[in-house]
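# Survey of secondary and tertiary structure
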Amino acid sequence: GIRNSLSVFTQYAVILIGALITLRVLGLDFSGMSMVIGGLAVGMGFGLRDFASNIVGGLMLLIERPVREGDLITLGGYEGKVAHIGIRSMRVSSWDNMEVLIPNAETFNKPFTNWTHQDSIVRTVIPIKVSRADDPLMIQQLILDVLAIIPEIEGDPAPQVFLKQIDDALIEFEVRYFINVQTHTRFEVRSNVLFAITAQFQAAGVKPPIPPISIQIQDNKHDNINPFSTNE
């Protein structure tokens, strides 16, 4: 992260110094144009507020480094790996193998998630519902057995299965486990866990839960009509 920040700062500093030296060599004197340049700077400041905010955002990203190249982030509707952090925008490689350019100001105006800022071990939570007729302890053990045999799930911290809610017909569990998002995607592991839990329930004879159905009978009053009467 520090090397990337220094390289970006050095790149733009060399461009700026080179431009100033080139203008000086060409004989342009800015002393008499200070008022004009000041007015142009004010006008450009109003017209380029978004551009300036992106520049400031890029400088803050390079100094504070809340995001580094290679981090996995979720910003708005975009999620992927940070490929490059520039002075104006950040380039993110999405899971669809697309390069998304995100203005740096977005990282300060909107909340975002950095999955790998401290480390790459993150937690996934999955709700599981079963029928109230099933034994909760048996269901908990079946899910724990599944989590123990999936290689993508980390053993430390250990996976957990909690009984979250009991209503009239259903019992809801909350499954928690940790994975390394640098080597496995959350969606892939979640799919594997759900497939394995479904197979385990079928083998143990656990039937899918059937939510209660409310039937309302409405009594409508109609006029008495003789079905056998005919009009001639």
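Look up a bit, the structure's there.
Summarised in this report is the structure supplied together with it. Keep in mind the model is a prediction, meaning the values are calculated, not measured.

Right, let's get into the overall build of the chain. Secondary structure assignment for the chain yields six helices and eight strands. Along the chain direction, N to C, the helices and strands of the chain fall in the order α-α-α-β-β-β-β-α-β-β-α-β-β-α. With 232 residues in all, the chain has 28% of them scored as buried. For the chain, the accessible area works out to roughly 16,200 Å², and carbon and sulfur atoms hold 58% of it.

As a further point, take the packing of aromatic side chains. Enumeration over the complete set of coordinates arrives at zero aromatic pairs. Against the face of tryptophan 115 rests arginine 186, its NZ or CZ located 4.1 Å from the ring centre. The ring of phenylalanine 187 carries arginine 186 above its face, with NZ or CZ at 5.1 Å from the centroid.

Turning our eyes to something else, we now look at the packing of helix α5 (residues 136-149) against helix α6 (residues 186-204). The N-to-C vectors of α5 and α6 enclose an angle of 135°; their axes lie 9 Å apart at closest approach. Comparing the axis directions of α5 and α6 gives the class oblique. Between α5 and α6 lies a crossing whose hand is right-handed. Residues Ile139, Leu142, Ile143, Asp145, Val146 and Leu147 of α5 pack against Val193, Ala196, Ile197, Gln200, Phe201 and Ala204 of α6.

Moving on, we get to the side chain of asparagine 104. As for its position among the elements, asparagine 104 is in the loop between β4 (99-103) and α4 (106-109). Asparagine 104 has contacts with Asn54, Gly57, Gly58, Leu61, Gly86, Ile87, Arg88, Ser89 and Met90, leaving out every residue within four places of it along the chain.

We now examine the pairing of strand β1 (residues 72-75). Residues Leu72 and Thr74 point to one face of β1 and Ile73 and Leu75 to the other, with burial holding for every one of them. As judged from the four bridges shared by β1 and strand β2 (residues 78-85), these two strands associate in the antiparallel manner. Bridge pairing in β2 links leucine 72 to lysine 81. Linking two consecutive strands that pair antiparallel, namely β1 and β2, is a turn of two residues; a positive phi of about 65° is found at glycine 76 within it. Looking at chain direction, β1 and strand β5 (residues 112-114) are connected through three bridges and run antiparallel. Bridge pairing in β5 links isoleucine 73 to asparagine 114.

Here is what the cut-offs are and how they apply
- Starting afresh in each chain, residues are numbered from 1 along the sequence in its written order.
- Only residues with pLDDT of at least 70 are given local features in this predicted model, and only at 80 or more are side-chain atom pairs given and counted; all residues enter the totals for whole chains, interfaces and linings.
- Water and hydrogen atoms play no part in the side-chain values, which are based on all heavy atoms of the structure.
- By definition, any uninterrupted DSSP run of H or I lasting at least four residues is a helix, any uninterrupted run of E lasting at least two residues is a strand, and each is numbered from the N terminus.
- Relative accessibility thresholds used throughout: buried, under 20% of the residue-type maximum; exposed, over 50%; partly exposed, between the two (1.4 Å probe, protein chains only).
- Using the Shrake-Rupley algorithm and a 1.4 Å probe, accessible areas are obtained, with residue cover drawn only from the displayed protein chains.
- Ring geometry is summarised as follows: Phe, Tyr and Trp rings, the Trp one being its six-membered ring, pair when their centres sit within 6.5 Å, and such pairs are stacked at plane angles under 30 degrees, edge-to-face over 60 and tilted between the two.
- Placement of a positive charge over a ring is assigned whenever Lys NZ or Arg CZ falls within 6 Å of the ring centre and within 35 degrees of the normal to the ring plane.
- Lines fitted to C-alpha atoms define the axes, with helix axes restricted to the stretch in contact, and inter-axis angles between N-to-C directions lie between 0 and 180 degrees.
- What sets the label is the angle itself: under 35 degrees gives roughly parallel, over 145 gives roughly antiparallel, 65 to 115 gives roughly perpendicular, and the rest give oblique.
- Note: crossing handedness is left-handed where the near helix turns anticlockwise from the far helix by less than a right angle, and right-handed where it turns clockwise.
- Should any heavy atoms of two residues lie within 4.5 Å, those residues are counted as being in contact.
- Two strands pair under a simple rule: DSSP has to find at least two bridges between them.

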